[in-house]
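So you can see what is in the structure, the chains are spelled out below.
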Amino acid sequence: QGQKMIPSCSTPKQMEYIVEKTDWACVMLKMGNVGNIQSLVHYIHQNQKKVMVHLDSLKGIARDKEGIRYLRQIGTDAVITMRTQNIGMINEAGMISLLGAFLVDSASVAQTIVNVRNVSPDVLIAMPITIPDTVFEQLRKNMAIPIMGGGLGVSLDVHDPLDLVIIFVGTN
């Protein structure tokens, strides 16, 4: 059902390739700054794709209510953050909120479940994607939101040496 991968780009060359040469419907931006993020979002939208911005990777944009409102004003569709305190502001601004979490042990899994219940992101990004299926199952049983796996580069047969990073969407 729907797109199973969301490409992540951290260079203009990767973004151009994803936007112009693929049929992916959504692009994750892990690049940009206060001076160019509006033009990057506009460029992606002009090519009929949705934009997911990684807030923690942007330069010069505050990770506060005003910075998040700015992202909404320029047309950002979704915002990814590793910081639980940003999720409520992203939701209030009317964008899709994605909370990233590194799951390295049972304590981090338990804390992630608590965090998701407390801040209500729209989606959880569980990293790294190599975590055991039993952990994904534990997450699915304890939260009613979509879970994506991500964080590792995957080689694609696209005949282009761009070293794209892919996030796989987990099924719920």
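Scroll up for the structure.
Since the model is a prediction, treat every value here as computed from it, not as a measurement.

Enquirer: Where do I start with the packing of helix α5 (residues 106-119) against helix α6 (residues 133-142) in this structure?
Expert: Helix-helix packing is described using two parameters, namely the angle between the two axes and the distance between the axes. Across the interface, α5 lies against α6 with an axial gap of 10 Å and an inter-helix angle of 25°. Considered as vectors, α5 and α6 are oriented roughly parallel to each other. The hand of the α5/α6 crossing is right-handed. Contact with α5, carried on its side by Val-109, Ile-113 and Arg-117, involves Val-135, Gln-138, Leu-139 and Asn-142 of α6 and no other residues of that element. Residue composition of the contact of α5 with α6, by class: four nonpolar, two polar and one charged.

Enquirer: Looking at this structure, I do not really get unusual backbone geometry. What am I missing?
Expert: Only a minority of non-glycine residues have a phi that is not negative, and only a minority of peptide bonds are not trans. A cis amide bond links Met-127 to the next residue, Pro-128, at an omega of -5°. Here Pro-128 shows up in the loop between β6 (123-127) and α6. With a phi close to 55°, Gln-48 is a non-glycine residue in the positive phi region. Examined against the element boundaries, Gln-48 turns out to sit in the loop between α2 (37-46) and β3 (50-54). With a relative accessible area of 68%, Gln-48 lands in the exposed category. The backbone of Ser-120 sits at a positive phi, close to 55°, despite the residue not being glycine. Mapped onto the elements, Ser-120 comes out in the loop between α5 and β6.

How each quantity is defined
Per-chain numbering applies: the sequence of each chain, read as written, is numbered from 1 onward. Only residues with pLDDT of at least 70 are given local features in this predicted model, and only at 80 or more are side-chain atom pairs given and counted; all residues enter the totals for whole chains, interfaces and linings. Working from all heavy atoms in the structure, the side-chain values ignore hydrogens and water. For helices, the fitted line uses only the C-alpha atoms of the stretch in contact; every axis is such a line through C-alpha atoms, and the angle between N-to-C directions lies from 0 to 180 degrees. Elements are defined by DSSP. Helices are runs of H or I of four residues or more, strands are runs of E of two residues or more, and each kind is numbered from the N terminus. Angles are sorted into four bins: roughly parallel if under 35 degrees, roughly antiparallel if over 145, roughly perpendicular if 65 to 115, and oblique for all others. Take the far helix as the reference: if the near one is turned anticlockwise from it by less than a right angle, the crossing is left-handed, and if turned clockwise, right-handed. Only heavy atoms matter for contacts: two residues are in contact if any of them lie within 4.5 Å across the pair. Put simply, Ala, Val, Leu, Ile, Met, Phe, Trp, Tyr, Cys and Pro go in the nonpolar bin, Asp, Glu, Lys and Arg in the charged bin, and everything else, Gly too, in the polar bin. Categorising residues by exposure relies on relative accessible area from a 1.4 Å probe, with only protein chains included: less than 20% of the type maximum marks a residue as buried, more than 50% marks it as exposed, and the intermediate range marks it as partly exposed.

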